[in-house]
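One letter stands for each residue in the lines below.
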Amino acid sequence: MVLLGAPGVGKGTQAKLLHDRLGLPPISTGEILRAAAQSGSPLGQEASDFMERGDLVPDDVIIRVVEERLRDPDCRKGFLLDGFPRTLPQAEALDAMLGRQKQALDAAISLAVPRDEVLSRLAGRRTCKDCGAMYNLTLSPPRAEGVCDRCGDELYQRNDDGEETIRARLEVYERETAPLHDYYRRRSLLREVDGSGTTGEVHSRVLGALGVPE
Ligand code: ADP
Ligand code: ZN
């Protein structure tokens, strides 16, 4: 499956909940790139300038990353892609790789949230340095300020979650990624889900759209 939707609609959160329910590995290209940037690997060095500006990493770079990841044995029974594809060439490359692996997409779940809500979700987003748990200062704050409820490590704000960069990412989304809705609609794979409300409410809607019992 692929998860579509603007930055801040909750793709990562829903991918984790779907993982708990279905056991499929969630694959976040953003997380892969952030880990690479932190480790200073060649991929990270190549990607970090683009990411900090809110631009997309070049297609050939991210396509190679995903192709490698999908060959891992844990993807044989399926996977949840969060943040890929983000352009038409990426969607076409994904179809080609799945064809080679004799796999096919079951669904493209599109999450939609009103623009105002997206902006406040992104501005308040904090992530745990250690376990990756996500919080929101207004919607789902941690019990103690700056500290992860789950593991006690420190929370940080992604360096592409500043106001300017958020605006750039939303523009890139409208231009490059929004057209993918048509691509998947034409293939009868698109499942549009209202992403507003609590994470639990959205999760129920996603399962409903997939025809999976809760
Ligand atoms: P969000 O969905 O909140 O914008 P992500 O964590 O998915 O955040 O992605 C963060 C950044 O990583 C993007 O702004 C982009 O620079 C880069 N990135 C992630 N996935 C892709 C992709 N499929 N193609 C190009 N760049 C990507
Ligand atoms: Zn943590």
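Values in this document were obtained by computation on a predicted structure and should not be read as measured data.

### Regarding the coordination of the zinc ion (ligand 2)
Binding of the zinc ion (ligand 2) to the protein goes through Cys-128 (SG), Cys-131 (SG), Cys-148 (SG) and Cys-151 (SG), at separations of 2.3 to 2.4 Å. One can describe the donor arrangement at the zinc ion (ligand 2) as tetrahedral, given that its four donor atoms subtend angles of 99 to 120 degrees at the metal. All donors of the zinc ion (ligand 2) come from a single chain, and their spacing in sequence reads C-x2-C-x16-C-x2-C. Judged by relative accessible area, which is 3%, Cys-148 ranks as buried.

### Topic: the environment of Thr-165
Among the structural elements, Thr-165 can be located in helix H7 (residues 163–177). The buried category is assigned to Thr-165, whose relative accessible area is 13%. Contact partners of Thr-165, with chain neighbours within four places excluded, come to Met-51, Glu-52, Arg-53, Gly-54 and Asp-160.

### Some words on the site of ligand 1
Among the 19 residues in the neighbourhood of ligand 1, the closest are listed as Thr-29, Arg-34, Asp-55, Gly-83 and Arg-169. The separation between a nitrogen atom of ligand 1 and a polar side-chain atom of Gln-90 is 2.9 Å. Considering ligand 1 on its own, with 560 Å² of exposed area, one finds that the protein chains cover 97% of that surface. In terms of residues, the shell around ligand 1 owes the most to one element, helix H2 (residues 29–39), which gives four residues. When the residues that make up the shell around ligand 1 are grouped by side-chain class, the tally is seven nonpolar, four polar and eight charged.

### Comments concerning the nonpolar core
Within soluble globular proteins, side chains that are nonpolar generally end up buried alongside one another. Core analysis: the largest hydrophobic core is formed by 28 residues, its most contacted members being Leu-70, Leu-81, Phe-84, Leu-94, Met-97 and Tyr-184. Those elements that place two or more of their residues in this core are strand S1 (2–4), helix H3 (42–53), helix H4 (59–70), helix H5 (88–100) and helix H8 (180–186). Look past the residues within four positions of Leu-70 in its chain and what remains in contact with it is Ile-27, Cys-75, Phe-79, Leu-94, Met-97, Leu-98 and Gln-101. Ranked by size, the runner-up nonpolar core spans 21 residues in total, among them Leu-3, Leu-24, Tyr-173 and Val-206.

### Considering the pairing of strand S5 (residues 125–128)
Of the two faces of S5, both are covered, the one formed by Arg-125 and Thr-127 as well as the one formed by Arg-126 and Cys-128. Taken together, the three bridges between S5 and strand S6 (residues 134–136) define a ladder with antiparallel strand orientation. If you follow Thr-127 over to S6, its bridge partner there is Met-134. The turn joining S5 and S6, which pair antiparallel and follow one another in sequence, is formed by five residues; a positive phi near 85 degrees is taken by Gly-132. Of the pairings in the sheet, the one linking S5 to strand S7 (residues 155–156) comprises two bridges and is antiparallel in character. Within the sheet, the bridge partner assigned to Cys-128 lies in S7 and is Leu-155.

### Some details on the sheet that holds strand S3 (residues 80–82)
Within a sheet, each strand pairs with its neighbour through backbone hydrogen bonds, oriented either parallel or antiparallel. Spatially, S2-S3-S1-S4-S8 is the arrangement adopted by the five strands of the open sheet, whose pairing is parallel. Bordering the open sheet on either side are strand S2 (26–28) and strand S8 (190–194), each of which pairs with just one other strand. Each adjacent strand pair in this sheet contributes to an overall mean axis angle of 25 degrees, direction not counted. Sheet topology places S1 next to S3; two bridges connect them, and they run parallel. Bridging from a neighbouring strand, Val-2 pairs with Leu-81 of S3. Across the sheet, helix H1 (residues 11–22) is in contact with S1, S2, S3 and strand S4 (108–112); its angle to S3 comes to roughly 165 degrees.

Parameters at a glance
- Residues numbered from 1 in each chain as written.
- Chains lettered and ligands numbered in written order.
- Predicted model: local features only at pLDDT ≥ 70, side-chain atom pairs only at ≥ 80, totals over all residues.
- Heavy atoms only, no water.
- Donors = N, O, S within 2.8 Å, 3.2 Å for Na, K, Ca; no water.
- Tetrahedral: all angles 85-135°; square planar, octahedral: opposite > 155°, others 65-115°.
- Buried < 20%, exposed > 50% of the residue type's maximum accessible area, 1.4 Å probe, protein only.
- Helix = DSSP H or I, 4+ residues; strand = E, 2+ residues; numbered from the N terminus.
- Contact = heavy atoms within 4.5 Å.
- Near = heavy atom within 4 Å.
- Polar contact = N/O pair within 3.5 Å; in protein donor to acceptor, adjacent residues only side chain to side chain.
- Areas by Shrake-Rupley, 256 points an atom, 1.4 Å probe, with all protein chains shown as cover.
- Nonpolar A, V, L, I, M, F, W, Y, C, P; charged D, E, K, R; others polar.
- Core = buried A, V, L, I, M, F, W, Y, C linked by side-chain atoms within 4.5 Å.
- Pairing = 2+ DSSP bridges.
- Axes fitted to C-alpha atoms, helices over the stretch in contact; angles between N-to-C directions.

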